[in-house]
Amino acid sequence: MTTTPAIPSVLLTEPLALDLVNTRLYLTDSDTWMDVLDGREQRDAWLGALAPRLDIGAEDAAAVTDGDAEALKAVREHAAAAVEPARHGRKPPARALSGLNEAVRAAPATVHARWDGASVTAEPRRAGSLATRLAATFAEETVQLLATPDILDVRRCDAPACVMLFLPRNPRRRWCTPNICGNRARVARYYLRHKAPRASDSLS
Ligand SMILES: [Zn+2]
């Protein structure tokens, strides 16, 4: 029997570009790769939680098909390829940047004025299919992140084998998910430090 793992916060609370890149994650507990965009249930849960930041409704989040997910995977590939060198101050591949530009161009945002009962609100709106709009939103957020000095602060989780990227608000943050990776790393360090010099020593 398989269960749907809970969506870790590092896929929900980082800049959208990193939330997207992190959907292809390595489960250190089971030594397996997992793709949140591949499983209907977890994809719906992830997009549903992000819906307010993506300017889509909850019903849209649940309407994303496997075909739509391929468009998101394409943007994810370009985002991952661009973020990695850029966070080290290096030039991203031209193909990644043109892929992101293309996705934005396919559904550019325009401002829509709306009376909300008390004041006028300016809402970004994109035309096009749901997949095209979502791809454009993630691509644009990635371009914005790449273009700010924040990109140089993006770091990879310190836990062994963990591939998660995050933008630390606290410069001392080292792990993607403190109560998962942080503890694992602490336990690993403890174990190495206390590695038994005598066969009779034991952690248990
Ligand atoms: Zn981690």
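The coordinates are above.
The residue numbering used here restarts from 1 in each chain and proceeds along that chain's sequence as written. Per-residue local features of the predicted model are confined to residues with pLDDT of at least 70, and side-chain atom pairs are confined, for both listing and counting, to 80 or more; whole-chain, interface and lining totals are unaffected and use all residues. The basis for every side-chain value is the complete set of non-hydrogen atoms in the structure, without hydrogens or water.

Engineer: Give a description of the overall build of the chain that names residues and reports values.
Structural biologist: In terms of helices and strands, the chain carries seven helices and six strands. Across the chain, helices and strands are ordered from the amino to the carboxyl terminus as α-β-β-α-α-α-α-β-β-α-β-β-α. Across its three principal directions, the C-alpha atoms of the chain cover 70 × 45 × 35 Å. Looking at the chain residue by residue over its 204 residues, the buried ones come to 39%. The contact criterion used throughout is that any non-hydrogen atoms of two residues lie within 4.5 Å. Looking at the chain alone, contacts between residues at least 24 apart form 52% of all its contacts between residues at least 6 apart. Only the protein chains shown count as cover for residues, with accessible areas throughout obtained via the Shrake-Rupley method and a probe of 1.4 Å. Of the accessible surface of the chain, which amounts to about 11600 Å², a share of 55% is contributed by carbon and sulfur atoms. Charged residues are defined here as Lys and Arg on the positive side and Asp and Glu on the negative side; His and the ends of the chain fall outside this count. For this purpose, a charge sits on NZ of Lys, CZ of Arg, CG of Asp or CD of Glu. Side-chain charges in the chain split into 27 positive and 25 negative, and the spacing between the mean points of these groups amounts to 8 Å. Counting from the N terminus, the helices are the DSSP runs of H or I reaching at least four residues and the strands are the DSSP runs of E reaching at least two. The cut-offs for exposure are 20% and 50% of the maximum accessible area for each residue type, with area from a 1.4 Å probe on protein chains only; residues under the lower value are buried, those over the upper are exposed, and the others partly exposed.

Engineer: I'd love a proper account of the coordination of the zinc ion, names of residues and values included.
Structural biologist: Summarising the metal site, the zinc ion is bound by the protein donors C157 (SG), C162 (SG), C176 (SG) and C181 (SG), whose distances to it range over 2.3 to 2.4 Å. Here the term donor refers to an N, O or S atom within 2.8 Å of the metal (or 3.2 Å for Na, K and Ca), and because water is left out of the atoms, sites may appear incomplete. Site description for the zinc ion: donor spacing in sequence, C-x4-C-x13-C-x4-C. Placement of C162 in the loop between β5 (155-156) and β6 (165-166) and of C181 in helix α7 (residues 178-193) is noted, with a sequence separation of 19 residues between them.

Engineer: An account of the environment of E59 is needed here, citing residue identities and associated values.
Structural biologist: Its location among the elements puts E59 in helix α3 (residues 58-61). The spatial distance from the C-alpha of E59 to the C-alpha of D44 is 9.7 Å, given a sequence separation of 15 residues.

Engineer: Let's hear about the packing of aromatic side chains: which residues, and what values?
Structural biologist: Pairs of aromatic rings are described using the distance from one ring centre to the other and the angle between the two planes. In this analysis, rings of Phe, Tyr and Trp, with Trp reduced to its six-membered ring, are considered paired at centre separations within 6.5 Å, and the interplanar angle assigns stacked below 30 degrees, edge-to-face beyond 60, and tilted for intermediate values. Under the definition given, this model contains one aromatic pair. Between the aromatic rings of W46 and F138, the centroid separation amounts to 5.7 Å while the plane-to-plane angle is 10 degrees, which identifies the pairing as stacked. Separated by 92 residues along the polypeptide, W46 in helix α2 (residues 40-54) and F138 in helix α6 (residues 130-146) bring together distant segments of the chain. On the basis of relative accessibility, which here comes to 0%, the residue W46 falls in the buried class.

Engineer: Can you break down the pattern of salt bridges residue by residue, with the values?
Structural biologist: Salt bridge, as used here, is a side-chain nitrogen of Lys or Arg placed within 4 Å of a carboxyl oxygen of Asp or Glu. This model, assessed by the stated rule, comprises 15 salt bridges. For D44, the salt bridge is made with R40, and the minimal N-O distance between the two is 3.3 Å. One end of the pair is D44 and the other is R40, both in helix α2 and four residues apart, which spans about a single turn. Judged by relative accessible area, which is 42%, R40 ranks as partly exposed. Linked by salt bridges that have partners in common, D38, E70 and K73 make up one network.

Engineer: Lay out the environment of A107 in plain terms, naming residues and giving numbers.
Structural biologist: Residue position: A107 is located in the loop between α5 (94-105) and β3 (109-115). The class of A107 is buried, set by a relative accessible area of 1%. For the pair formed by A107 and L152, sequence separation is 45 residues and the distance between their alpha carbons is 28 Å. If sequence neighbours within four positions are ignored, A107 has contacts with R126, A127, T132, R133 and A136.

Engineer: A description of unusual backbone geometry should follow, citing residues and the corresponding values.
Structural biologist: The phi dihedral of D55 falls on the positive side, at around 55 degrees, and the residue is not glycine. Mapped onto the elements of the fold, D55 is located in the loop between α2 and α3.

Engineer: Which residues make up helix α4 (residues 66-87), and what are the values?
Structural biologist: One less than the residue count of a helix, multiplied by 1.5 Å, gives the span that helix is expected to have. Here α4 spans 30 Å end to end across 22 residues, near enough to the 32 Å set by a 1.5 Å rise per residue. Just downstream of α4, G89 is the residue with a positive phi angle, here 80 degrees.

Engineer: Kindly report on the environment of L100, identifying the contributing residues and their values.
Structural biologist: Mapped onto the elements of the fold, L100 is located in helix α5. Ignoring anything within four residues of it in the chain, the contact list for L100 reads V75, H78, A79, A82, A139, T142, V143 and L146.

Engineer: Describe the pairing of strand β4 (residues 120-126), with residues and values.
Structural biologist: The criterion for strand pairing is that DSSP finds at least two bridges linking the strands in question. Sheet analysis places β3 next to β4, joined by seven bridges and oriented antiparallel. The partner of A109 across the bridge, within β4, is R126. If you look at the hairpin formed by β3 and β4, you'll find four residues sitting between the two strands, and G117 has a positive phi there, around 105 degrees.

This is a description of form; function is not addressed.
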